[in-house]
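Results of the structural survey
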Number of protein chains: 2
Amino acid sequence: MNKGRLIVFSAPSGCGKGTMLEQILKDEKFCVSVSATTRSPREGEVNGVNYHFISRDEFEQRVSDGGFLEYAEYCGNLYGTPMKEVNEMLEKGMNVILEIEVQGAIKVMNKRPDALSIFIAPPSIAELRRRLHKRGTETEDVIEQRIAQASNEVALAAKYDYIIVNDALEDAVDDFFHVVRAEQLRSDKRPEIIADIIKNS
Amino acid sequence: MNKGRLIVFSAPSGCGKGTMLEQILKDEKFCVSVSATTRSPREGEVNGVNYHFISRDEFEQRVSDGGFLEYAEYCGNLYGTPMKEVNEMLEKGMNVILEIEVQGAIKVMNKRPDALSIFIAPPSIAELRRRLHKRGTETEDVIEQRIAQASNEVALAAKYDYIIVNDALEDAVDDFFHVVRAEQLRSDKRPEIIADIIKNS
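Chains are numbered independently. Their residues run from 1 in the order of the written sequence. Chain letters and ligand numbers both follow the written order, the letters beginning at A and the numbers at 1. Per-residue local features of the predicted model are confined to residues with pLDDT of at least 70, and side-chain atom pairs are confined, for both listing and counting, to 80 or more; whole-chain, interface and lining totals are unaffected and use all residues.

1. Quick look at the relation of the copies chain A and chain B
- Only residues with pLDDT of at least 70 in both copies contribute their C-alpha atoms to the least-squares superposition of the copies. Once chain A is rotated about the relating axis by 180° and shifted along it by 0.0 Å, it coincides with chain B to within an RMSD of 0.0 Å. What the rotation and shift describe, once combined, is the action of a two-fold rotation axis. The position closest to the rotation axis in chain A is occupied by the C-alpha of A:His178, lying 2.4 Å away.
- Residues are treated as contacting if the C-beta atoms built from their backbones sit within 7 Å of each other. An overlap of 97% is found between the interface residues of chain A and their copies at the interface of chain B, pointing to a shared contact surface.

2. Quick word on the packing of helix H1 (residues 17–24) of chain A against helix H7 (residues 169–185) of chain A
All names here are of chain A.
- Here, axes are lines fitted to C-alpha atoms. For helices the fit covers the stretch in contact, and angles between N-to-C directions go from 0 to 180 degrees. By definition, any uninterrupted DSSP run of H or I lasting at least four residues is a helix, any uninterrupted run of E lasting at least two residues is a strand, and each is numbered from the N terminus. Following both chains from N to C, one finds H1 and H7 inclined at 60°, their axes separated by 10 Å at the closest point. Considering the angle they form, H1 stands oblique to H7. Both H1 and H7 take part in a crossing whose hand is right-handed. Here H1 contributes Thr-19, Met-20, Gln-23 and Ile-24 to the contact with H7, which in turn contributes Leu-169, Ala-172, Val-173 and Phe-176.
- Just so you know the grouping, Ala, Val, Leu, Ile, Met, Phe, Trp, Tyr, Cys and Pro go in nonpolar, Asp, Glu, Lys and Arg go in charged, and all remaining residues, Gly too, go in polar. Partitioning the contact of H1 with H7 into residue classes produces six nonpolar, two polar and no charged. Orientation is classified from the angle alone, with under 35 degrees giving roughly parallel, over 145 giving roughly antiparallel, 65 to 115 giving roughly perpendicular, and any other angle giving oblique. Two helices cross in a left-handed way if the nearer one is turned anticlockwise from the farther one by less than a right angle. They cross in a right-handed way if the turn is clockwise.

3. Some words on the nonpolar core
- Put simply, a nonpolar core is buried Ala, Val, Leu, Ile, Met, Phe, Trp, Tyr and Cys residues tied into one set by C-beta atoms within 7 Å. With C-beta atoms placed from the backbone, a residue is labelled by how many other C-beta atoms lie within 10 Å of its own: buried for 20 or more, exposed for 12 or fewer, partly exposed between the two. A:Ile118 and B:Ile118 are the most contacted members of the largest nonpolar core, which totals 100 residues.
- Among residues more than four places away in sequence, those in contact with A:Ile118 are A:Ile7, A:Phe9, A:Tyr160, A:Asp161, A:Tyr162, A:Ile164, A:Phe176 and A:Val179.

4. Re the interface of chain A and chain B
- Listed as interface residues are 31 residues of chain A and, on the opposing side, 30 residues of chain B.
- When contributions to the side of chain A that touches chain B are tallied by element, the ones reaching two or more residues are helix H5 (125–135), helix H6 (140–154), strand E9 (162–165), H7 and helix H8 (192–198) of chain A.
- Per element, the largest residue contribution to the side of chain A that touches chain B is six residues, and it comes from H7(A).
- In terms of residue class, the side of chain A that touches chain B is built from 20 nonpolar, six polar and five charged.

5. Comments concerning helix H7 (residues 169–185) of chain B
- For H7(B), which comprises 17 residues, the first-to-last C-alpha distance of 25 Å matches the rise-based estimate of 24 Å (1.5 Å per residue) to within 8%.
- Of all the residues in H7(B), the buried ones are B:Ala172, B:Val173, B:Asp175, B:Phe176, B:His178, B:Val179, B:Val180, B:Ala182, B:Glu183 and B:Leu185.
- Among the structural elements, E9 and H7 of chain A together with helix H1 (17–24), strand E7 (95–99), strand E8 (116–121) and strand E9 (162–165) of chain B are those in contact with the buried residues of H7(B). The span expected for a helix works out to 1.5 Å for each residue beyond the first.

Laid out in structure tokens, this is it:
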């Protein structure tokens, strides 16, 4: 059986990453990696689904055991991507999506050059601002913070293998699957194919 | 308008290249480059459609003017890919397919690193032999020559960017379009996109 592909998947807030993932995960060859965190569960969050909720002691033990693909601290809480779980899913032939912010993504790309990295971009920053206003869940200040953050993230998009602009959801999801399929066809990703074709000739 | 992509497209005899191209050319963003040759037209061949039929003097003049992307001599006749025509179609936004054998393909890849190269492979050499027998248009000797030639060509497939196995026609055509689309999304192929997103923010 072929191994799955590790996919680094990033998008600024408001780029429709969640809706895209919902569509992508309907394909049973794809799954997302569940992160571990030391923060407390919020209402409705389920252990093992939204996050693996673990203690700081356990987290630090796993860091020193090299158990995380990457980890980072935000607002006093630790977040990490469990290495073992990801590798097990890849061995089973699943494509494992790491939904991860840009700094963590770059760490993973450096550590795992075999990863496929995809950045989801808004059509424009102006359109992103319009979407965030329309959503109406944040104050003007928070929106401007998110816009500034998004601009910083888009500026790093060239570090990813592919940039998909999410203008229309279905097109962006199609583009995602096109990229994953094309990557399977790259000659440098299938060194065995030539021998397979020629054998028993 | 975006420029089109130069696509180097090779397949051993019996791999369904012709049928694939027929499907691909239904998409009006794709065209094939018409080669120039010094050989005489065969019955039914149309000048400017199958080939540009030109004299040896004219051919040699164009070689010394650097007018060919690549050229080669087979059985005493010269064959070449006209540079000007290809570039004009690319400028118009057309994806220009060069249907070309492996040695010529490698020359084009070296000369034009911007070209996208795709090799169409049979599922196996055994299956290719079965197809050539089924076609029933060649003698046993000719089939074995083609098989030997195909094996040599498959052995060089790793020099192409992508390898598509033509097992089922529709899947192979889909794979072709997946590759072309994915290539448009590569971050190194769209340096302008980040500036476009951020401007007027």
